[in-house]
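Here are the chains, one letter per residue:
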Amino acid sequence: MDGAGLPETRSTCPYCGVGCGVLLRPDGQGGLDVRGDPDHPANFGRLCSKGSALAETVGLSQRLLAPMVNGQETGWNDALQLVADRFSDTIARHGPDSVAFYVSGQLLTEDYYVANKLMKGFIGSANIDTNSRLCMASSVAGHKRAFGTDTVPGTYEDIEEADLIVLVGSNLAWCHPVLHQRVLAAKKARGTKVMVVDPRRTASCDGADLHLALQPGSDVALFNHLFVRINEAGVVDPQYVQHTVGFDAALQSAAADDAAVTGLSEAELNAFCQEWIGSEKVVTIYSQGLNQSTSGTDKVNAILNCHLATGRIGKPGCGPLSVTGQPNAMGGREVGGLANMLACHLDLENSDHRSAVRDFWSAPAVPDAPGLKAVDLFKAVGDGTIKALWIIHTNPAVSMPDATAVQEAIAACPFTVVSDITTQTDTARLAHVVLPATAWGEKDGTVTNSDRTISRQRSILPPPGDAL
């Protein structure tokens with residue numbers, strides 16, 4: 001028996017922040033047939049090698065099929081009662097800030113929302129952070145500093161209408177190949193110029209008109225130089241800038257930077273600035289090469305300032321576009337998935353925002369101070385401040401900085417719960433309780449991609465065993 005006669009189900013690829021639509025059909029043998037969804041606006045049927053191989057990820061090898069307590073199988077009622085009792089007892093003895101959740105950009109938006117509602121609204125602590133912190137915190141802070149809210153102003157459709165596309169700290173060809181194909185298609189169809197700003201020569205340089213191999217960490221100096229040249233060339237948009245604040249201070253700060261630290265020649269700097277200034281429609285795509293830096297937020301704002309100064313933002317073919325690595329890093333940010341945020345991009349430290357969320361949730365209290373962010377959260381586990389920890393759908397014993405210290409902290413925590421699809425991760429092996437989660441293909445909800453398109457992820461396979 002095969003699944004040839006069965007209908008296809010629309011869903012979303014779980015791999016990265018591009019958010020490609022997929023069409024799924026059971027193959028009649030417990031697996032899936034997968035193809036790209038030609039109607040999805042992120043990919044129009046294209047899939048990269050990982051998306052094309054999605055069917056290979058749905059086997060049940062090493063799947064956790066029942067809750068485990070201290071290495072022994074048990075039922076959900078007993079496992080959840082133990083978790084509830086230990087968290088309740090810890091909170092009663094040591095206060096709500098003695099417990100923490102660490103969640104993931106792999107979660108569906110609904111999962112993210114419920115976890116934040118539980119911790120911030122009903123436990124009464126903001127000690128919930130996410131592995132998205134490690135890749136997206138600089139963009140979040142940069143967006144909030146520039147726009148007042150963490151919202152990406154660009155869309156994928158801008159790629160097709162741009163005169164110039166600048167890739168900054170992004171090997172788009174490898175990390176977001178479907179988007180890179182859209183860049184190359186725009187180059188072929190309308191002569192869009194492509195520039196790559198990256199200390200390394202990567203596969204993304206192969207189709208580029210110019211590669212600026214600047215010195216690592218000098219992105220701020222490059223874009224501050226561009227900002228000054230924009231002003232000198234008289235292409236500041238006064239109609240747009242009148243709706244902004246801080247232009248003069250930003251220009252003064254930019255003028256104090258020395259472009260020589262980039263290590264680029266005068267000819268390279270001139271070619272970059274002249275192309276950027278002379279192109280009516282510019283899209284700047286940036287990723288982890290910018291974000292994962294000691295000055296990541298300043299790098300983001302240096303780019304945003306150039307778009308704001310020229311009014312090349314919020315209209316077709318223009319704007320900064322932050323691309324994310326995880327399938328729902330943006331969805332998590334929308335529901336307040338970081339320790340210093342509330343749902344709907346509201347601010348934890350704003351009393352009016354707290355009141356709005358508390359009233360909507362009918363919650364007893366919402367904390368008025370940020371919780372522990374990822375690195376500090378695990379330091380607090382290590383020093384005994386956090387005494388009960390729930391890790392959901394991520395493997396911090398491997399993925400966190402200073403992973404050995406994180407492993408030691410988790411191992412020493414009085415009570416650790418892990419929700420995952422297997423016990424065979426370094427983190428799950430350290431847990432007192434491991435709860436069997438459903439995997440991609442088995443759960444139903446939504447995800448938000450890099451340009452804030454919300455897509456459905458639909459279940460097509462039954463949850464195995466007692467997975468929930």
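Above: the structure in question.
Bear in mind that the values here come from a model prediction, so they are computed numbers and not experimental data.

### A closer look at the pairing of strand S2 (residues 21–26)
As a general feature of sheets, a regular strand has side chains that alternate between the two faces.
Phase 1: Direction of pairing for strand S1 (residues 9–12) relative to S2: antiparallel, over a ladder of four bridges. When the bridges of S2 are listed, Arg 10 appears paired with Leu 23.
Phase 2: Across five bridges, the pairing between S2 and strand S3 (residues 32–36) is antiparallel. Paired with Leu 24 across the bridge in S3 is Val 34.
Phase 3: Hairpin connection from S2 to S3: five residues lie between these consecutive antiparallel strands, with Gly 28 at a positive phi of about 85°.

### Details of the sheet that holds strand S6 (residues 99–103)
Phase 1: The strand order across the open sheet formed by seven strands is S5-S4-S17-S16-S15-S6-S7, and the pairing between neighbours is mixed. The open sheet has two edge strands with one neighbour each: strand S5 (72–73) and strand S7 (128–130).
Phase 2: With two bridges joining them, strand S4 (residues 68–69) and S5 adopt antiparallel strand pairing. Bridge assignment links Val 69 to a residue of S5, and that residue is Gln 72.

### Structural notes on the side chain of Asn 131
Phase 1: Within the secondary structure, Asn 131 is located in the loop between S7 and helix H4 (133–147).
Phase 2: Only 2.9 Å separates the side chain of Asn 131 from the side chain of Gln 326, close enough to count as a polar contact.
Phase 3: Aside from chain neighbours lying at most four places away, what touches Asn 131 is Tyr 102, Val 103, Ser 104, Gly 105, Gln 326 and Thr 394.

### Looking at the side chain of Thr 446
Phase 1: If you trace the backbone, Thr 446 turns up in strand S18 (residues 445–448).
Phase 2: Owing to a relative accessible area of 17%, Thr 446 belongs among the buried residues under this scheme.
Phase 3: The residues contacting Thr 446, other than those within four sequence positions of it, are Leu 108, Thr 109, Glu 110, Asn 328, Ile 454, Ser 455, Arg 456 and Gln 457.

### Comments concerning the packing of H4 against helix H13 (residues 296–310)
Phase 1: Following both chains from N to C, one finds H4 and H13 inclined at 40°, their axes separated by 8 Å at the closest point. The angle between the axes of H4 and H13 places the two elements in the oblique class. The crossing of H4 and H13 is right-handed. Contacts between H4 and H13 involve Ser 138, Ser 139, Ala 141, Gly 142, His 143, Arg 145, Ala 146 and Phe 147 from the first element and Gly 296, Thr 297, Asp 298, Val 300, Asn 301, Leu 304 and Leu 308 from the second.
Phase 2: Looking at the contact of H4 with H13 residue by residue, the class counts come to six nonpolar, seven polar and two charged.

Rules used in this analysis
Residues numbered from 1 in each chain as written. Predicted model: local features only at pLDDT ≥ 70, side-chain atom pairs only at ≥ 80, totals over all residues. Heavy atoms only, no water. Pairing = 2+ DSSP bridges. Helix = DSSP H or I, 4+ residues; strand = E, 2+ residues; numbered from the N terminus. Polar contact = N/O pair within 3.5 Å; in protein donor to acceptor, adjacent residues only side chain to side chain. Contact = heavy atoms within 4.5 Å. Buried < 20%, exposed > 50% of the residue type's maximum accessible area, 1.4 Å probe, protein only. Axes fitted to C-alpha atoms, helices over the stretch in contact; angles between N-to-C directions. Parallel < 35°, antiparallel > 145°, perpendicular 65-115°, else oblique. Left-handed = near helix turned anticlockwise from the far one by under 90°. Nonpolar A, V, L, I, M, F, W, Y, C, P; charged D, E, K, R; others polar.

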